[in-house]
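Here is what each chain is made of, one letter per residue.
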Amino acid sequence: MFSHVMIGTNDLDKAKGFYDKLLGTLEVRPAMVDGHRIFYMTKTGVFSVSKPINGEPATCANGATIGFACNSPEQVDAWHAAGVAAGAKSIEDPPGVRQGPSGKLYLAYLRDLDGNKICAMHRLPN
């Protein structure tokens, strides 16, 4: 359904350093830089971070969450640890199992360096 997700940043270099480390835990290659934007390309889609083209400060979306698919609970934990080590703030409950409408999920939540809410998720067998 989605081709890509793009979020804003006020410091592209810091965002690249942060997301290179964070997404490296998901086996995603470091970002490709394209002027005022960076792109993480995968077989399943593109994640991008950009300085706003209108010159205004980037702000995080109230109520929005960007979710990253993980292969295991251990990968979720590694994602969370890498994010905290790179300056993100751990939010909500600690990483762990949550019951969702479609079954059990292993989740972790962070606020990135610009305040964007991001999540790592692994679907557990029912």
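What counts and how
The written sequence of each chain sets the order in which its residues are numbered from 1. This being a predicted model, a pLDDT of at least 70 is required before a residue's local features are given, and a value of 80 or more before pairs of side-chain atoms are given or counted; all residues contribute to the totals for chains, interfaces and linings. Calculation of side-chain values draws on the structure's entire complement of heavy atoms; hydrogens and water are dropped beforehand. Each residue is assigned to one of three classes by its accessible area relative to the maximum for its type, calculated with a 1.4 Å probe on protein chains only: buried under 20%, partly exposed between the two thresholds, exposed over 50%. Only runs of H or I of at least four residues qualify as helices and only runs of E of at least two qualify as strands under DSSP, and these elements are numbered from the N terminus. Paired strands, in this sense, are two strands between which DSSP finds at least two bridges. Whether two aromatic rings pair depends on their centres lying within 6.5 Å, for rings of Phe, Tyr and Trp, where Trp uses its six-membered ring; planes under 30 degrees apart make the pair stacked, over 60 edge-to-face, and the rest tilted.

Caption draft 1: Looking closely at the pairing of strand β5 (residues 66-69). The side-chain alternation of β5 yields one buried face, formed by I66 and F68, and one unburied face, formed by G67 and A69. Bridging between β5 and strand β8 (residues 117-123) involves 4 bridges; their strand directions are parallel. Bridging across to β8, I66 finds its partner in I118.

Caption draft 2: Local environment of the packing of aromatic side chains. Taken as a whole, this structure holds 5 aromatic pairs when the rule is applied. Plain terms: the ring middles of Y19 and F47 are 5.1 Å apart, the flat faces sit at 55° to each other, and that makes the pair tilted. Of this pair, Y19 sits in helix α1 (residues 12-24) while F47 sits in strand β4 (residues 45-50), and the two are 28 residues apart along the sequence. Taking the relative accessible area as the measure of exposure, Y19 reaches 1% and is therefore buried. Taken together, a centroid distance of 5.1 Å and an interplanar angle of 80° make the contact between F47 and F68 edge-to-face. Separated by 21 residues along the polypeptide, F47 in strand β4 and F68 in strand β5 bring together distant segments of the chain. According to the relative accessible area criterion, F68 is buried, its value standing at 11%. Three or more aromatic residues link up through ring pairs in this structure, and these residues are F18, Y19, Y40, F47, F68 and W79.

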